[in-house]
Amino acid sequence: MEKGRNFYITTPIYYPSDNLHIGHAYTTVAADCIARFKRMQGYQVYYLTGTDEHGQKIARAASDNNMTPQAYIDGIVSNIRRLWETLLISNTGFIRTTEARHQQVVKKLFQQVYDQGDIYISEYEGWYCLPCETFFTERQLKDGKCPDCEREVELLKEESYFFKMSRYADRLLKHIDENPEFIQPESRRHEVINFIKGGLDDLCVSRTSFKWGIPVPFNEKHVVYVWFDALINYLTGIGYAQDDSMFAEYWPADVHLMAKDILRFHAIIWPIMLMAVGLPLPKKIFAHGWIMLEGGKMSKSKGNVIDPGILVDKYGADAIRYYLIKEMSYGQDGMYSEEMLVNRINSDLANDLGNLVSRTAAMVIRYFSGQIPAPEEYAPIDEELKQAALQAYQESTAKLEKLDFAGYLISCMKLVARANKYIDETEPWRLAKDESSRGRLGAVLYNLLECIRITTVLMAPAMPQLPLRVNAQLNLFPSPEELEWDSAGEWALVPAGNEVKKGEVLFPRIDLQQMEESNMASEQEVKKDVPAATAVKEELKEEKEYITYDDFSRLDLRVAEIVECEKMEKADKLLILKVKLGEEQRTIVAGIAQHYEPAELIGKKVVIVANLQPAKLRGTMSEGMLLAASDDNRVEVLMVQSDIAAGNRVK
Ligand code: ME8
């Protein structure tokens, strides 16, 4: 195997004190995205995740459930493995700290550090935070509580072994200084430097107050401190002291990924442990932000958790993965609510990506009997599209290398938006009307398929099912399971002549109201006073006079394309739209400013009442009215998703 083409990435090993939540999925999905990206680049990737199974917290959770720790965690660990399968996590290894292979390595290294004089026995008194499995000094407490999670701490006093961290502080500072990429993002790197400069205390690395841990090899009254035990998983997982050639292939790790809560363990204790045992340090330790709920941070011990398995059942793994990765803005916290998730699925995946695929497929079927045309007749605008594709490839690569997850997906979606705009600019439906434009029509559709191919390759690390699902319709890849990353940097690889089939909608639009209703129903919390469903039914019951078909046909309803849109000055509710109906352009004033940003409407096709008497609204003449659905809280403008051209009638 070619050296230097190996890549080793890890997630934290999670506590199986309870089932995992969407916060854990956040890290695991992000690491999976990088693992898949690197595999597509041709690296031999080892992706390790697992569970941190010792310590007082696990022992207490088990006894609260009247179970032995082992039986308790076995159940949770099998749920975790299943969850990762559901989320399409492609981990190479899964390590449990209760495995014999790990216990042996922990004992061996503890002994080695003790023998060389870096571990000594003394007495410890300190404040212990159980959820964080961490000791604090009186000075470190915040209002008498844990400075990290702000929960109660307890005073513990015991004979303990200590690890001489202070001895290595200067060496660690020098390493951080000489390797700017070692701790990232930059703001976190500074935090760590300041913390070390503030002085490192020796670390208490054993416990006598409980038994659920790995015994200290030379004094069985003690068990090894859970963090000293857990960090070593990164070595055991790739065969340290058991499979030397495998270990040599993968160590040092390329990336340890985690959230900022456990950065100090990874950026201070872990490197010092490695220095003490004489191993090279990992290349990068990267701490992303937290995913927050509206009410604050989510955590198992606060009980406000979101089960990602339920979300996958409802919305599909690709959609959940997309949301989580897009929410991981570089160095910042993300937010989760089901409403935000549904809105993002609808806007990015259903409207933008899904529509691009379905419009293109429909046009190839309609105009070329489903056979991918060869690109015969180019126009200068094609070069622009090609450059946009190349830029998406270059930007996505750079962002993923930097672990800028949101930035990566933003680059992909820019290409999708550019391709949708290209449809509007080239107007294939117009070309189709003229036999002499057939060569040009073929090139337009070919270029669109090319953009879809490139987008699919680029998005595959985030959405592993996308290539298969796109391929089922568009037949762009000979083997969609084995895409090469660099194929996204090339143009004109789509195989002309392949057959395109009509397929299922890639990302069906989700009705937020229906979703909320079904949630309410499943939680059996339907209250008697005005749930949304009842309100709708009441409105329908309101008797309306019948009209004849002739009455109806007096309405001139038309498809109109919004070409400009801006907020009306000094009117919070009004937007001024310029719409095109075929050749004709009109101005419409619509009361939707609180529901739509002007930019999101441009390029959209809506339905208007074209023969409504023009009226002046706040000084602007409005020449028509948009159709929209509404309830008490929202207004949704009706849109035409297909390529039916502006100007056509709605009947
Ligand atoms: O700390 N937002 O395990 P843990 C983002 N066993 N990420 C989150 C999150 C949230 N709201 N909640 C959890 C431990 N995470 C130790 C690790 S490693 C040698 C030992 C993710 O189960 C994030 O990666 O408490 C965080 O660092 C980790 O889960 C903590 O998992």
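Since this is a predicted model, take the numbers as computed values, not measurements.

**Student:** Is there a simple way to think about the overall build of the protein in this case?
**Tutor:** Each helix and strand in the protein was counted, giving 22 helices and 25 strands. C-alpha extents for the protein along the principal axes are approximately 95 × 60 × 45 Å. Counting only residues that meet the buried cut, the protein has 54% of its 651 residues in that class. Contacts in the protein between residues far apart in sequence, at least 24 positions, make up 74% of those at least 6 positions apart. Accessible surface for the protein amounts to roughly 29,900 Å². Of this, 49% is attributable to carbon and sulfur atoms.

**Student:** So what exactly am I meant to see when it comes to the domain arrangement of the protein here?
**Tutor:** By a widespread convention, an interface's size corresponds to the accessible area lost as its parts come together. When its domains are assigned, the protein resolves into domain 1 (337-489), domain 2 (512-552) and domain 3 (556-637). The C-alpha-based centres of domain 1 and domain 3 are spaced at 29 Å. Taken together, the contacts link five residues of domain 1 with six residues of domain 3. Buried surface at the junction of domain 1 and domain 3, both sides included, amounts to about 280 Å², of which 25% is carbon and sulfur. Summed over the shared surface of domain 1 and domain 3, the result is zero residue pairs in polar contact (both at pLDDT 80 or more). Split into classes, the residues belonging to the side of domain 1 that touches domain 3 amount to no nonpolar, one polar and four charged.

**Student:** What should I look at first to understand the sheet that holds strand β19 (residues 584-590) in this one?
**Tutor:** Paired through their backbone hydrogen bonds, the strands of a sheet run either parallel or antiparallel. Spatially, β19-β18-β17-β20-β23 is the arrangement adopted by the five strands of the open sheet, whose pairing is antiparallel. Each end of this open sheet is capped by a strand with a single partner; those strands are β19 and β23 (625-626). With five bridges connecting them, strand β17 (residues 557-567) and strand β20 (residues 605-609) associate as antiparallel partners. By the bridge assignment for β20, V559 is matched with V607.

**Student:** Sorry, what's going on with the environment of S487 here?
**Tutor:** Structurally, S487 is set in the loop between α18 (466-474) and α19 (512-522). Placed 94 residues apart in sequence, S487 and Y393 show a C-alpha to C-alpha distance of 9.3 Å. Not counting the four nearest positions on each side in its chain, S487 is found in contact with R453, V457 and L493. Here the side chain of S487 touches E484 through a polar contact of 2.5 Å, landing on its backbone oxygen.

**Student:** Help me out: how do you make sense of unusual backbone geometry in this one?
**Tutor:** The phi torsion of most residues other than glycine is negative, and most of the peptide bonds are trans. A cis amide bond links Q184 with the next residue in sequence, P185, at an omega value of -5 degrees. Within the secondary structure, P185 sits in the loop between β7 (183-184) and α6 (186-197). In the segment running from W251 into P252, the intervening peptide bond is cis, with an omega of 5 degrees. Note on placement: P252 falls in the loop between α9 (244-250) and β12 (255-259). Despite not being glycine, N66 shows a phi value in the positive range, around 55 degrees. For N66, the location among the structural elements is in the loop between α2 (56-64) and α3 (69-86).

**Student:** Would you explain the site of the ligand in this entry?
**Tutor:** Taken together, 26 residues form the shell around the ligand, and within it I13, T27, D52, D261 and I291 come nearest. H24 places a polar side-chain atom, nitrogen or oxygen, 3.3 Å from an oxygen atom of the ligand. Within the contact set of the ligand, a nitrogen atom lies 2.7 Å away from a side-chain nitrogen or oxygen of D52. Coverage of the ligand by the protein amounts to 95% of the 670 Å² it exposes when considered alone.

**Student:** Quick question: what am I supposed to make of the pattern of salt bridges here?
**Tutor:** On inspection of all chains with the given rule, the structure shows 35 salt bridges. One salt bridge connects K174 with E178, and the closest N-O pair in it is separated by 3.3 Å. With K174 and E178 both in helix α5 (residues 169-178) and four residues apart, this pair spans about one turn of that helix. Accessibility assignment for this pair places K174 and E178 in one class, exposed.

**Student:** Help me understand the packing of helix α13 (residues 338-368) against helix α15 (residues 405-426), please; the structure alone is not making it clear to me.
**Tutor:** Helix-helix packing: each pair is described by the crossing angle between the helix axes and the interaxial distance. It is at 10 Å that the axes of α13 and α15 come closest, and there the two elements cross at 45 degrees. Judged by the inter-axis angle, α13 sits oblique to α15. When the axes of α13 and α15 are compared, the crossing they make is left-handed. Facing α13, whose interface residues are D348, D352, L353, L356, R359, T360 and M363, α15 presents M413, V416, A419, N420, I423 and D424. Each residue belonging to the contact of α13 with α15 can be placed in one class, and the counts come to seven nonpolar, two polar and four charged.

**Student:** Is there a simple way to explain the pairing of strand β18 (residues 575-581) in this structure?
**Tutor:** Remark: a regular strand shows side chains that alternate across the two faces of the sheet. Among the seven residues of β18, five are classified as buried, and the element is accordingly described as predominantly covered. Judged from the six bridges that link them, β17 and β18 form a sheet pairing that is antiparallel. What sits directly across from C565, in β18, is L577. Across seven bridges, the pairing between β18 and β19 is antiparallel. The residue of β19 that forms the bridge with V579 is R586. Counted along the chain from β18 to the antiparallel partner β19, the turn is two residues long, and its residue G582 has a positive phi close to 65 degrees.

Cut-offs applied
- Residues numbered from 1 in each chain as written.
- Predicted model: local features only at pLDDT ≥ 70, side-chain atom pairs only at ≥ 80, totals over all residues.
- Heavy atoms only, no water.
- Helix = DSSP H or I, 4+ residues; strand = E, 2+ residues; numbered from the N terminus.
- Buried < 20%, exposed > 50% of the residue type's maximum accessible area, 1.4 Å probe, protein only.
- Contact = heavy atoms within 4.5 Å.
- Areas by Shrake-Rupley, 256 points an atom, 1.4 Å probe, with all protein chains shown as cover.
- Domains from an automatic or database assignment.
- Buried area = accessible area lost by both parts, 1.4 Å probe.
- Polar contact = N/O pair within 3.5 Å; in protein donor to acceptor, adjacent residues only side chain to side chain.
- Nonpolar A, V, L, I, M, F, W, Y, C, P; charged D, E, K, R; others polar.
- Pairing = 2+ DSSP bridges.
- Near = heavy atom within 4 Å.
- Salt bridge = Lys/Arg side-chain N within 4 Å of Asp/Glu carboxyl O.
- Axes fitted to C-alpha atoms, helices over the stretch in contact; angles between N-to-C directions.
- Parallel < 35°, antiparallel > 145°, perpendicular 65-115°, else oblique.
- Left-handed = near helix turned anticlockwise from the far one by under 90°.

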